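Okay, here's what each chain looks like letter by letter:
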Amino acid sequence: MLLGASLLGVLLFSRLVLKLPWTQVGFSLFFLYLGSGGWRFIRIFIKTVRRDIFGGTVLLRVKAKVRRYLRERRTVPILFAATVQRHPDKTALIFEGTDTHWTFRQLDDYSNSVANFLQAQGLASGDVAALFMENRNEFVGLWLGMAKLGVEAALINTNLRRDALLHCLTSSQARVLVFGSEMAPAVLEIHANLDPSLNLFCSGPWEPSAGPAGTKHLDPLLEDAPKHQPSRPNKGFVDKLFYIYTSGTTGLPKAAIVVHSRYYRMAALVYYGFRMRPDDIVYDCLPLYHSAGNIVGMGQCLIHGMTVVIRKKFSASRFWDDCIKYNCTIVQYIGELCRYLLNQPPREVEGQHRVRMALGNGLRQSIWTEFSSRFHIPQVAEFYGATECNCSLGNFDGQVGACGFNSRILSFVYPIRLVRVNEDTMELIRGPDGLCIPCKPGEPGQLVGIIIQQDPLRRFDGYLNQSANNKKIARDVFKKGDQAYLSGDVLVMDELGYVYFRDRTGDTFRWKGENVSTTEVEGTLSRLLDMADVAVYGVEVPGTEGRAGMAAVASSSSSCDLEHLAQLLQKELPQYAHPIFLRFLPELHKTATFKLQKTGLRKEGFDPTVVKDQLFYLDARKGRYVPLDHEAYTRIQAGQEKL
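All residue numbers here refer to positions counted from 1 along the written sequence of the relevant chain. Local features in this predicted model are restricted to residues whose pLDDT is 70 or higher, and side-chain atom pairs enter the listing and the counts only when it is 80 or higher, whereas totals over whole chains, interfaces and linings include all residues. Excluding hydrogens and water, the side-chain figures rest on all heavy atoms present in the structure.

- Per an unreviewed UniProt entry, the protein carries the name Arachidonate--CoA ligase and comes from Capra hircus.
- UniProt positions are given in the numbering used here, feature names are shortened, and annotations may be inferred rather than shown by experiment. Check the Sequence similarities (unreviewed entry) section of the UniProt entry for the protein; it says "Belongs to the ATP-dependent AMP-binding enzyme family."

## A short note on the nonpolar core
Right, so step 1: By nonpolar core is meant a set of buried Ala, Val, Leu, Ile, Met, Phe, Trp, Tyr and Cys residues that side-chain atoms within 4.5 Å join together. Residue burial is assigned from relative accessible area. The probe radius is 1.4 Å, only protein chains are included, and a residue is buried under 20% of its type maximum, exposed over 50%, and partly exposed in between. Counting 103 residues, the largest nonpolar core has Leu93, Trp143, Phe242, Tyr263, Tyr264, Met298 and Leu302 as the members making the most contacts within it.
Right, so step 2: For each domain, the first and last residues come from an automatic or database assignment. Split by domain, this core shows at least three residues from each of two domains, domain 1 (73-313) and domain 2 (405-504).
Right, so step 3: In this analysis, two residues are considered to be in contact whenever any of their non-hydrogen atoms come within 4.5 Å of each other. Not counting residues within four places of it along the chain, the set of residues in contact with Trp143 comprises Val76, Leu131, Ala153, Leu155, Leu241, Phe242, Tyr263, Asn294 and Leu302.
Right, so step 4: Core analysis: the second largest hydrophobic core is formed by 48 residues, Phe509, Ala551, Leu588 and Leu628 among them.

## Notes on the domain arrangement of the protein
Right, so step 1: The assigned domain composition of the protein is domain 1 (73-313), domain 2 (405-504) and domain 3 (508-638).
Right, so step 2: Each of domain 2 and domain 3 was reduced to a C-alpha centroid, and the two centroids are 31 Å apart.

## Remarks on a nonpolar patch on the surface
Right, so step 1: Every patch collects residues that have over 30% relative accessible area and no salt bridge, joining them within 9 Å if they carry like charges and within 5 Å if they are nonpolar side chains (Val, Leu, Ile, Met, Phe, Trp, Tyr). Per-residue accessibility takes into account occlusion by the displayed protein chains alone, with areas from the Shrake-Rupley method and a 1.4 Å probe. Should a side-chain nitrogen of Lys or Arg be within 4 Å of a carboxyl oxygen of Asp or Glu, the pair is scored as a salt bridge. Together, Phe41, Phe45 and Ile46 make up an exposed nonpolar region whose accessible area comes to about 300 Å².
Right, so step 2: Helical segments are the DSSP runs of H or I of at least four residues, strand segments are the runs of E of at least two, and each set is numbered from the N terminus. Take Ile46: it is sitting in helix H2 (residues 22-71).

## Thoughts on the pairing of strand E10 (residues 281-284)
Right, so step 1: By the alternation rule, side chains of E10 split into Ile281 and Tyr283 and Val282 and Asp284, which are all buried.
Right, so step 2: DSSP-based pairing: two strands are paired if at least 2 bridges between them are found. Taken together, the 4 bridges between E10 and strand E11 (residues 307-310) define a ladder with parallel strand orientation. Across the sheet, the residue bridging to Tyr283 is Val309, located in E11.
Right, so step 3: Handedness of the crossover joining E10 and E11 through helix H10 (residues 291-302): right-handed.
Right, so step 4: Where E10 lies against strand E12 (residues 330-334), 2 bridges are found, and the strand directions are parallel. Its bridge partner lying in E12, Val282 is registered against Ile330. The definition of a right-handed crossover adopted here requires that, viewed with the strands pointing away, the path from the first strand over the helix to the second runs clockwise.

## What about unusual backbone geometry?
Right, so step 1: In this structure, Arg73 is a non-glycine residue whose phi angle is positive, near 55°.
Right, so step 2: Tracing the backbone through its elements, the reader meets Arg73 in the loop between H2 and helix H3 (76-86).
Right, so step 3: Positive phi, close to 55°, is recorded for Arg275, a residue that is not glycine.
Right, so step 4: Topologically, Arg275 is positioned in the loop between helix H9 (260-273) and E10.

## Focus: the side chain of Arg265
Right, so step 1: Locating Arg265 in the fold gives a position in helix H9.
Right, so step 2: The convention is simple: Lys and Arg are positive, Asp and Glu are negative, and His and the chain ends are not counted. Buried charge Arg265 goes without a salt bridge, the closest partner of opposite sign being Asp461 at 6.9 Å.
Right, so step 3: Residues contacting Arg265, with those up to four places away along its chain left out, are Cys389, Asn390, Ser392, Pro456 and Leu457.

## A few points about helix H12 (residues 335-342)
Right, so step 1: Where burial is concerned, most of H12 is hidden: 7 out of the 8 residues are buried.
Right, so step 2: Three or more residues of H12 are buried, namely Gly335, Glu336, Leu337, Cys338, Arg339, Leu341 and Leu342.
Right, so step 3: Elements in contact with the buried residues of H12: helix H11 (319-325), E12, strand E13 (357-361) and helix H13 (365-374).

## Notes on the packing of aromatic side chains
Right, so step 1: Aromatic contacts are taken between Phe, Tyr and Trp rings whose centres are within 6.5 Å, Trp giving its six-membered ring; a plane angle under 30 degrees counts as stacked, one over 60 as edge-to-face, and the others as tilted. Under the defined criterion, the tally for this structure stands at 24 aromatic pairs.
Right, so step 2: Here the aromatic rings of Phe237 and Tyr264 are separated by 6.2 Å at their centres, their planes lie at 55°, and the arrangement is tilted. Of the two residues, Phe237 is situated in the loop between helix H8 (218-224) and strand E8 (240-246) and Tyr264 in helix H9; the sequence distance between them amounts to 27 residues. Each member of the pair Phe237 and Tyr264 is classed as buried.
Right, so step 3: With centroids separated by 5.4 Å and ring planes inclined at 40°, the aromatic side chains of Phe460 and Tyr485 adopt a geometry described as tilted.

If you want it as structure tokens, here you go:
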């Protein structure tokens, strides 16, 4: 701003006072510009203009379509209908588990049966139906059929059990629960606490004695249901499509609202930004109850007509065999997945696939090049985003280690910023004017996105729980009266505008590709340990992505049966949420408002030379907690101990 004012002043003085010719004025301005550091701008311009023009073109293209679909009140089912019309007999879905192939016409017919059946059960637009099922073709057909009726699907994480599972079902106010037969034992555990009016339907191999009383077998009912297109519900482009549950600071999972425009936006930005093609075949081994698997991956099928190969669960040993068998050209990943593949012994099949792109997030810079070169993948399509965020990023030109970029030339075009935070409390730092302070290149800060509710690309749809929304919104960020979404993540931007992921703030951390809620784990552990004070936090472990869970317990280890505790945790928490490390100490320090102080604990980590309290770690081979001594610590640091 100061440089621009100075240049304008020189221009006016040279022409109006000195009356110099334009040639001399031009040279004067140019040399003043260079002398004031403007050469950096020229360097940045030359290095990034091509990238920025392409990114801006992608953004404008998606924005134009969003405005059109908003005006025409399009929905995902309507967009899918256009895809079916383009190529009804093309393969849409392949389920690796049974080698079942569905064409777009078959997926359309199945989803129509779902919609007509649920309508016959009395469900209507605006109602909620819960879906609790492992990956397979039917998962997609079920939520798509619900959407055709205007019914909002609550997509339940299949790792959830007991209290967390019950919370998701009750908070969604679902009228129907459709679960896979493989999830019957989990439903049976909470059946007594479910609302008696909740209708239960089971899909898959049918054993009435294995499921809750009153459950109906869905598969034959759908076979008998009409397959015609249901009446179009009164839904528009910014109305609710489904809910995805995400861990947060409230302790229990929160239902993030996904509207039709968000589904389209996430799928389309990836499609155009990474130059995908309709004839690509996507290998999707990520959970379909998450946005990466069900929107970024499956959205390419429903909206852009790609074939998607679905795998029930990721398998490092079968990954490349599957890609070869189904001629996959795009594979999806999370950071941990890439490391698991690299840990596999080299095999000849690694170089026999047709994969040209790896699409995902969380690939660390330290293994980026090794992953790309070993498996001969020309393009790593890394992006940053969350189910509910309005500040997604994309690394469109393959900058190693970056999760995206923001233009340094025209930064105002895409209204996201990194702002300064207190690294201990993670609170926003504000200037004398009460506004947030933007970060300079190289300075870590929290990513925020300006909220403009009238713009489908900038809106924040939030959560079903309205009180949870307030924790994700900051006010008076860049100007008085504005609002911005708080990502909860610390990133850093370099001089060219490339953005790199640093850390996750708040009471969550990421492990095994899942967000772990510290308050949920604290509550469970405290209950199992006779209500002892428990502080849970993530600690860094060399050679792993994310942070491993560690619990500091204000109790004596002698009063705790650690073997029994490990067994109880298997029933109470998802595998990824089990604390890897335990620390027993006399007491936990609290703030004046009775909040547990974790900063010091997190910094000390699990090093027995630093921590004088009793330490234990979860031995994956033995399935129980064992003492963490110097020898075990050395093995963990060297990557010789499986966690």
